[in-house]
Structures are given as structure tokens and as C-alpha cells.
Amino acid sequence: MTGRLVITCDGSSLGNPGPGGWAWVVSADCWAAGGHNGTTNNLMELRAIYEALLVTPPSRPLLIQTDSAYSISVFTEWLAGWKQRGWRTSGRKPVANQRPIQMIEQLLDGRDVRWAHVRGHAGHIENELADQHARDAATAVKEGRPVSTGPGNTRCVSGAV
């Protein structure tokens, strides 16, 4: 059995909405990023989690680290209540980002995932890398340049290394 894989996720939006980027990082040699036009910071935070879940085997225990209290709260505190209320907040408003949340929820089903909040811009190495890759992706989208999507090294998340 392979140990728990630590993945750090971050999102960035230059404007809210605006050009955005997302990134997940295991190490300086194992990361991925992407970008989108007309998005929000919360959507990019969620996208980083979604992309990290897509590339990791469902049997691999994970620790997802993020500086997004929103992303953690969605899956650890709010989701059950939203579903009970028909995807309405406690204030009876429609839940923002419902579809991406549902997509992540499907990927979380049956998985061993723990969550950890890390302070952003506080020297946490992987968070700083994820933040830089997400911001670089958002900047590339804004400037109309190709986004650097990462080294493509997914062996590090498969348990093969």
C-alpha cells in the first residue's frame, strides 16, 4: 500500500471574473496547470482540485492542501446541507458553482481524502509553487499566450514512484 499523497491546489483570477489559472503541485517536478477566460477565483480553486483528482488513482489516499477556506468548507461543511435544501444556501439562494462542485463530489465518492488549510503567501513551498503556476497561467490567458501546463509527470501521483 502506497502512503497518502499530498497535493497542494491553488487558483488565481486576474479580476473576478477575469482571466484565471489553476494549478496542483506535488513537487517542483510534479505539477500541472491550466487557464480559462472569464472565470472566478473560486472556480479556479475548484478546478485545481478537480484536475488533481482526475490524475490520481481512486485507491490512492490523498491529503489535499489549499489556501482556499471556501474549497475546504464546500466539501467538509456545506455540501450535505446544500443537497438537503435542494442546492440552496442557508439563506435560500442558489448555490454558486453547483456543477463544478457536483463534478468534484463524484470524483471524491468512495475515496480516502483529507483536507488541510495552508496559509497563502506564508512561505509554504508547495503552496507558493501552486500559486505561481496558477498566476502564470492566468497571466498567459490575459496576454493571449499559451499556458505552461506543467511537466506532464503524472507518475508521481500514480504511486509508481
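First things first, this report covers the structure right here in the doc.

## A look at the packing of aromatic side chains
Here is step 1 of the chain: Enumeration according to the criterion identifies four aromatic pairs in this entry.
Here is step 2 of the chain: Aromatic side chains Y70 and W78 sit 6.1 Å apart centroid to centroid with 55° between the ring planes, which places their arrangement in the tilted category.
Here is step 3 of the chain: Plain terms: the ring middles of W82 and W87 are 6.4 Å apart, the flat faces sit at 40° to each other, and that makes the pair tilted.

## Observations regarding helix α4 (residues 125–143)
Here is step 1 of the chain: Under the 1.5 Å per step criterion, the end-to-end length of α4 is 27 Å for 19 residues, consistent within 8% with the ideal 27 Å.
Here is step 2 of the chain: All buried positions along α4 are accounted for by N127, A130, D131, H133, A134, A137, A138, A140 and V141.
Here is step 3 of the chain: Where α4 is buried, its residues touch β1 (5–13), β2 (18–27) and β3 (30–39).
Here is step 4 of the chain: Backbone geometry just downstream of α4 places G144 in the positive-phi region, at approximately 75°.

## What about the pattern of salt bridges?
Here is step 1 of the chain: Overall, the coordinates contain four salt bridges when judged by the stated rule.
Here is step 2 of the chain: The residue R47 makes a salt bridge to E51 at a minimum N-O spacing of 2.6 Å. Here E51 and R47 lie together in helix α1 (residues 41–55), a separation of four residues that amounts to about one turn.
Here is step 3 of the chain: The class of E51 is buried, set by a relative accessible area of 14%.
Here is step 4 of the chain: Where K83 meets E105, a salt bridge forms, and the shortest distance between an N and an O atom there is 2.5 Å.

## Concerning the environment of R47
Here is step 1 of the chain: The class for R47 is partly exposed, based on a relative accessible area of 29%.
Here is step 2 of the chain: With 26 residues separating them in the primary sequence, R47 and G21 have C-alpha atoms 8.9 Å apart.
Here is step 3 of the chain: Beyond its immediate chain neighbours, meaning those up to four positions away, R47 contacts W22 and H36.

## Considerations on the sheet that holds β1
Here is step 1 of the chain: The five strands lie next to each other as β3-β2-β1-β4-β5, forming an open sheet whose pairing is mixed. At either end of the open sheet lies a strand with only one pairing partner, and these are β3 and β5 (113–117). Strand after strand, the sheet turns through a mean of 20° between neighbouring axes, direction not considered.
Here is step 2 of the chain: Two strands pair when backbone bridges link them, and strand β4 (residues 62–66) and β5 are joined in this way by five bridges, in the parallel orientation. Across the sheet, the residue bridging to L63 is R114, located in β5.
Here is step 3 of the chain: Relative to β2, α4 is tilted by about 150°, and along the sheet it contacts β1, β2 and β3.

## Points about the packing of helix α2 (residues 69–84) against helix α3 (residues 98–108)
Here is step 1 of the chain: α3 packs onto α2 with a crossing angle of 95° between their chain directions and a minimal axis gap of 12 Å. Of the possible angle classes, the one that applies to α2 and α3 is roughly perpendicular. On the side of α2, the interface is formed by Y70, V74, F75, L79, W82 and K83, while α3 contributes I101, I104, E105 and L108.
Here is step 2 of the chain: Residue classes in the contact of α2 with α3 are distributed as eight nonpolar, no polar and two charged.

Conventions adopted
- Residues numbered from 1 in each chain as written.
- Predicted model: local features only at pLDDT ≥ 70, side-chain atom pairs only at ≥ 80, totals over all residues.
- Heavy atoms only, no water.
- Phe/Tyr/Trp six-rings, centres within 6.5 Å; stacked < 30°, edge-to-face > 60°.
- Helix = DSSP H or I, 4+ residues; strand = E, 2+ residues; numbered from the N terminus.
- Expected span 1.5 Å × (residues − 1).
- Buried < 20%, exposed > 50% of the residue type's maximum accessible area, 1.4 Å probe, protein only.
- Contact = heavy atoms within 4.5 Å.
- Salt bridge = Lys/Arg side-chain N within 4 Å of Asp/Glu carboxyl O.
- Pairing = 2+ DSSP bridges.
- Axes fitted to C-alpha atoms, helices over the stretch in contact; angles between N-to-C directions.
- Parallel < 35°, antiparallel > 145°, perpendicular 65-115°, else oblique.
- Nonpolar A, V, L, I, M, F, W, Y, C, P; charged D, E, K, R; others polar.

The values are spatial; any link to function lies outside them.
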